[in-house]
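Listed below, chain by chain, are the residues.
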Amino acid sequence: MEHFNAIQTQVFNVMYNKDDNVLLCAQNSSGKTICAEFAMLSLYKTHNKGSRKGHNGAKIEGESEDAAAKKAQRTPKVVYISPVEEVMKERMKNWRARFGRILKKTIVELTGEVTEDIERINKHDIIFSSPQNWDLVSRRYNKRPIIQHIDLFIVDDLHLINDNPGPTLEVIISRMRYISSEKAKPESEREEGIESGNKIRIVALSSCLANARDIGDWIGCTFRNEKAEASGASVIQSSCFSFETGVRPLPLDIHMQGFDQPHFNAR
């Protein structure tokens, strides 16, 4: 790749230079994964410039889960969720080459065995999971501090929210948003068991959606800009990007052709 396409160019500033939640809706094969990688590189830039400093956050024998989680917080944690197994396998292969070999980040896939998965999250930097497995491991978030220490939560194929994995996607995204909001509250107002800390950034990738604005509001892409309010500019800002079907690296010609054939619906 010699240069970014139109979609990647437009979202770069929000993805790389800010930490807002983002919803990106665009056609398949339009380079959305590169946009998610912008967010990952931004995270590594702000955490010791991507250096792991020789520590992998592993839990040692006899160490409490809370102590291990605090130690693991020294390195940024990225979670990638996809309801399509083939997509997740392909992404793991690509990111092992990019982030594993070049940036020395460790990558793991959750299996659904909760106790072992907690250990995997502690020890690794990039965690791949299906919605069902992340639902299992994150249910007791107030008893598992490592879940609260996730920095970047990437959800791919969000357009499948209207399909079989939809309810589980809704649950885990809402749960991560709730944890993030609780972490920002004063200790007297926080849910017991939730520690203060940085927000959990949510980046959602999807094909074109008819109700992208509603989904963006739910994810938290719309926010009140206090600086803009002070200057008299637009107060409500959004990091929701919805590109029409014609915006793609390789344009497609769509032709509609009718045919003369009677058709009657079965009764």
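Coordinates for the structure precede this section.
On a predicted model such as this, the values are computed, not experimentally measured, just so you know.

Enquirer: Before we go on, may I ask you to explain the overall build of the protein chain in this structure?
Expert: Within the protein chain, the secondary structure is distributed over ten helices and nine strands. The proportion of buried residues among the 267 residues of the protein chain is 46%. In the protein chain, the proportion of contacts linking residues at least 24 apart, taken out of those at least 6 apart, comes to 69%. With an accessible surface of roughly 14,900 Å², the protein chain has 48% of that area assigned to carbon and sulfur atoms.

Enquirer: I would appreciate a short explanation of the side chain of Gln 148 in the present structure.
Expert: Mapped onto the elements of the fold, Gln 148 is located in helix α7 (residues 145-148). Since its relative accessible area comes to 1%, Gln 148 is described here as buried. Sequence-distant contacts of Gln 148, that is, excluding residues within four places in its chain, are made with Tyr 141, Asn 142, Ile 179, Lys 183, Gly 193, Ile 194, Glu 195 and Ile 200.

Enquirer: Would you mind showing me how to read the nonpolar core here?
Expert: Burial of nonpolar side chains together is a common tendency in soluble globular proteins. Formed by 33 residues in total, the largest nonpolar core has its most connected members in Leu 23, Ile 121, Trp 134, Phe 153, Leu 158 and Ile 219. The element contributing the most residues to this core is helix α8 (residues 166-183), with five residues. Apart from residues no more than four positions distant in its own chain, Leu 158 is found in contact with Leu 23, Ile 173, Ala 204, Leu 205, Ser 206, Ile 215 and Ile 219. In terms of nonpolar packing, the next biggest core, distinct from the first, is built from 30 residues, Ile 7, Phe 38, Trp 95 and Ile 107 among them.

Enquirer: Help me understand the packing of aromatic side chains in this model?
Expert: Here the distance between the centres and the angle between the planes together describe a pair of aromatic rings. Counted by the stated rule, this structure contains eleven aromatic pairs. Ring centres 5.9 Å apart and planes at 45° place the aromatic pair Trp 134 and Phe 153 in the tilted group. Of this pair, Trp 134 sits in helix α6 (residues 131-138) while Phe 153 sits in strand β5 (residues 152-155), and the two are 19 residues apart along the sequence. One aromatic cluster is present, formed by Tyr 44, Tyr 80, Trp 95, Phe 99 and Phe 128 through successive ring pairs. A cation over an aromatic ring shows up here: Lys 45 above the ring of Tyr 16, its NZ or CZ 4.3 Å from the ring centre. Positioned over the ring face of Tyr 44 is Lys 105, at 4.3 Å from the centre of the ring.

Enquirer: Would you mind showing me how to read the packing of helix α1 (residues 6-17) against helix α2 (residues 32-46) here?
Expert: Between α1 and α2, whose axes approach to 8 Å, the crossing angle comes to 25°. Accordingly, the angle class assigned to the pair α1 and α2 is roughly parallel. Our pair here, α1 against α2, has a crossing hand that is right-handed. When α1 is examined against α2, the residues Ile 7, Gln 8, Val 11, Phe 12, Met 15, Tyr 16 and Asn 17 are found in contact with a partner set consisting of Ile 34, Cys 35, Phe 38, Ala 39, Leu 41, Ser 42 and Lys 45. Of the residues that constitute the contact of α1 with α2, the class distribution is ten nonpolar, three polar and one charged.

Enquirer: Can you help me understand helix α4 (residues 85-100) in this one?
Expert: Since there are 3.6 residues in each turn of an α-helix, residues three or four apart along the chain are aligned in direction. Most pronounced at Asn 94, the bend in α4 amounts to some 25°. Looking at α4, one finds that the buried residues are Met 88, Arg 91, Met 92, Trp 95, Phe 99 and Gly 100. Packing partners of the buried residues in α4 comprise α2, β2 (78-81), β3 (107-109), β4 (126-129) and β5.

Enquirer: Help me out: how do you make sense of unusual backbone geometry in this one?
Expert: What you tend to see is this: most non-glycine residues have negative phi, and most peptide bonds are trans. You will see that Ser 29, though not glycine, has its phi angle at about 60°, which is positive. Residue placement: Ser 29 occurs in the loop between β1 (22-25) and α2. One non-glycine residue, Asp 157, adopts positive backbone phi at about 55°. Within the fold, Asp 157 resides in the loop between β5 and α8. Owing to a relative accessible area of 11%, Asp 157 belongs among the buried residues under this scheme.

Thresholds applied
- Residues numbered from 1 in each chain as written.
- Predicted model: local features only at pLDDT ≥ 70, side-chain atom pairs only at ≥ 80, totals over all residues.
- Heavy atoms only, no water.
- Helix = DSSP H or I, 4+ residues; strand = E, 2+ residues; numbered from the N terminus.
- Buried < 20%, exposed > 50% of the residue type's maximum accessible area, 1.4 Å probe, protein only.
- Contact = heavy atoms within 4.5 Å.
- Areas by Shrake-Rupley, 256 points an atom, 1.4 Å probe, with all protein chains shown as cover.
- Core = buried A, V, L, I, M, F, W, Y, C linked by side-chain atoms within 4.5 Å.
- Phe/Tyr/Trp six-rings, centres within 6.5 Å; stacked < 30°, edge-to-face > 60°.
- Lys NZ or Arg CZ within 6 Å of the ring centre and 35° of its normal.
- Axes fitted to C-alpha atoms, helices over the stretch in contact; angles between N-to-C directions.
- Parallel < 35°, antiparallel > 145°, perpendicular 65-115°, else oblique.
- Left-handed = near helix turned anticlockwise from the far one by under 90°.
- Nonpolar A, V, L, I, M, F, W, Y, C, P; charged D, E, K, R; others polar.
- Bend = angle between axes of the 7 residues up to and from the residue.

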